Amino acid sequence: MSLTREQVLAYAMPTRLRRQEVSIPGWGGSVWVREFTQGEYVAFLRGLRVDEVTGRVNDPEYGEKLAAICLCTEEGERLFADGDVAALATLPASALAVIVDAAQKLNGLTAPVADEVKN
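Residues numbered from 1 in each chain as written. Predicted model: local features only at pLDDT ≥ 70, side-chain atom pairs only at ≥ 80, totals over all residues. Heavy atoms only, no water.

Caption draft 1: Just the sheet that holds strand 1 (residues 19-24), in detail. Across the sheet, which stays open at both edges, the three strands sit in the order 1-2-3 with antiparallel pairing between neighbours. The sheet is open, and its two edges are formed by strand 1 and strand 3 (71-72), each paired on a single side. (Pairing = 2+ DSSP bridges. Helix = DSSP H or I, 4+ residues; strand = E, 2+ residues; numbered from the N terminus.)

Caption draft 2: The arrangement of the pairing of strand 2 (residues 29-34) in detail. Pairing analysis gives six bridges linking strand 1 to strand 2, with the strands arranged antiparallel. Pairing of Ile24 across the sheet is with Gly29, part of strand 2.

Caption draft 3: View of the nonpolar core. Of all hydrophobic cores here, the largest spans 25 residues; its most connected members are Val33 and Leu66. Put simply, the parts of the chain that give this core at least two residues each are strand 1, strand 2, helix 3 (62-70), helix 4 (85-88) and helix 5 (93-107). Sort the elements by how many residues they give to this core and helix 5 lands first, with seven residues. Once residues lying within four places of it in the same chain are set aside, the contact partners of Leu66 are Phe36, Phe44, Val100, Ala103, Gln104 and Leu109. (Core = buried A, V, L, I, M, F, W, Y, C linked by side-chain atoms within 4.5 Å. Buried < 20%, exposed > 50% of the residue type's maximum accessible area, 1.4 Å probe, protein only. Contact = heavy atoms within 4.5 Å.)

Caption draft 4: Quick look at helix 3. Counting buried positions along helix 3 gives nine out of nine residues, so the element sits mostly inside the fold. Along helix 3, the residues that are buried comprise Tyr62, Gly63, Glu64, Lys65, Leu66, Ala67, Ala68, Ile69 and Cys70.

In structure tokens:
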């Protein structure tokens, strides 16, 4: 069955994005992580720092930027704005690592991309 324009655009709502509840060790609770919209994905990629010599991603704020976009309410609405990256940098590294891992998996970000950022 071929979808109509309206049926396709119905998936543009935050409530239609895939979400995952992620337990954060030591916090006594969980957070919700969601997938990107295409526009958020493009903005995320454009906002990453790239090494001019190697052309590889080399952004020390990679995790905070990813968390700002992907942390959401149970209904899929973003919890943080792009301007909250500095505030997210104050989170414990172990907690941010759990969030980043879940967001990468949910969004299909491959291990090589993650490895590039770590190097």
